[in-house]
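A look at the structure
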Amino acid sequence: IIVIGAGPVGMRLTHDLLARKPQLAVHLFGDEACRPYNRIQLSALLAGEINRDDIDLPLPALGNHPNFQFTSAAIVDIDRERKTVTDSSGTRFHYHKLVLATGARAHIPNIPGIERQGVFSFRSLKDTESLYARILRSRHIVVVGGGLLGLEAAKGLLKFNTRVTVVQQSSRLMNRQLDETIHCDTVLFCTGITPNLELARKARLPVGTGILVNDQMRTSDPDIFAIGECCEHLGVTYGLVNPGYEQAAVTAEIIAGEPQNNLPRYLGSMAISHL
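Let me sum up the structure you'll find in this document.

So, how was this worked out
- Residues numbered from 1 in each chain as written.
- Predicted model: local features only at pLDDT ≥ 70, side-chain atom pairs only at ≥ 80, totals over all residues.
- Heavy atoms only, no water.
- Buried < 20%, exposed > 50% of the residue type's maximum accessible area, 1.4 Å probe, protein only.
- Helix = DSSP H or I, 4+ residues; strand = E, 2+ residues; numbered from the N terminus.
- Pairing = 2+ DSSP bridges.
- Contact = heavy atoms within 4.5 Å.
- Polar contact = N/O pair within 3.5 Å; in protein donor to acceptor, adjacent residues only side chain to side chain.
- Core = buried A, V, L, I, M, F, W, Y, C linked by side-chain atoms within 4.5 Å.

A few words on the pairing of strand S10 (residues 140-144). Extensive coverage of S10 is indicated by the burial of 4 of its 5 residues. In this structure, S10 lies alongside strand S11 (residues 163-167), joined through 5 bridges in parallel fashion. In the sheet register, Val142 faces S11, and the bridge partner there is Thr165. Across 4 bridges, S10 lies against strand S12 (residues 186-189) in parallel orientation. Its bridge partner being in S12, Ile141 is matched across the sheet by Thr186.

Pasting the structure below:
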């Protein structure tokens with residue numbers, strides 16, 4: 001079983017699979033040059049409330065799961081006929097079942113000045129490290145996006161005694177367009193996410209806003225699944241981790257159990273979260 005994506009959802013699936021079949025051959029791929037971590041805690045890391053080691057996601061122990069592998073490499077191609085994936089170095093890996101847990105990237109609106117120095121997104125550990133280095137010399141930071149991530153980021157940034165302004169496209173905070181410019185030396189975008197569809201699209205799997213899946217989290221290819229922020233189920237994509245965990249549980253039961261009757265089904269999740 002190959003799992004592409006070592007974020008919280010990909011890791012949850014991996015652990016769920018091995019909990020059901022400890023000897024199962026599972027190969028997990030992550031495209032960041034670091035060990036798997038919980039990006040949900042990046043705001044706390046930015047605020048200095050926790051340390052880098054606190055966000056680590058533990059890998060399955062090889063002593064208990066000798067057929068588990070983790071590789072830090074980007075998968076760039078899927079060959080559905082040969083049932084192989086290819087990483088950025090050109091190495092091919094064969095799969096019996098493939099699960100796409102490729103997540104999403106930060107959505108950056110196409111507006112003038114987006115390429116300027118001092119403009120950041122907040123999605124990865126690398127983003128967090130870059131932003132932390134910038135904060136020490138910032139006097140005023142504008143956070144564009146008043147959603148959950150934007151508010152968490154703003155709260156964390158206040159720990160540094162830096163002036164923080166939150167800009168939101170809702171009438172509760174501001175109108176769709178500003179009447180006057182807000183002067184600042186740092187801008188942080190928290191304006192939602194864009195599912196990572198490139199790998200699926202290249203493999204000619206149907207996509208909409210996300211990779212299209214059925215109630216068993218299968219794509220149009222019965223041997224390829226998609227879970228988490230990258231997938232679309234019944235017209236809905238979720239930018240929260242709990243739906244991904246629920247999708248991972250269904251997928252693990254199907255792959256590890258291969259039940260013939262009464263297949264488990266994912267029927268959707270509540271898109272509610274709290275600060």
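Next comes the rest of the account.
Relative to the helices and strands, Thr219 resides in the loop between strand S14 (211-213) and strand S15 (224-226). In this structure Thr219 comes out as buried when scored by relative accessible area, which is 8%. Taking C-alpha positions, Thr219 is 19 Å from Thr194, a pair spaced 25 residues apart along the chain. Those residues in contact with Thr219 that sit more than four places away from it in its chain are Leu205, Ile211, Leu212, Val213, Ile224, Phe225 and Ala226. Only 3.2 Å separates the side chain of Thr219 from the backbone nitrogen of Asp221, close enough to count as a polar contact.

Counting 47 residues, the largest nonpolar core has Leu17, Ile78, Val85, Leu98 and Leu100 as its most contacted members. The dominant element in this core, judged by the number of residues it contributes, is helix H6 (residues 241-257), at 6 residues. Excluding residues within four positions of it along the chain, Val85 makes contact with Ile2, Ile4, Ile75, Asp77, Ile78, Thr91, Arg92, Phe93, Tyr95 and Leu98. Counting 19 residues, the second largest nonpolar core, distinct from the first, contains Phe122, Leu125, Leu131 and Ala153.

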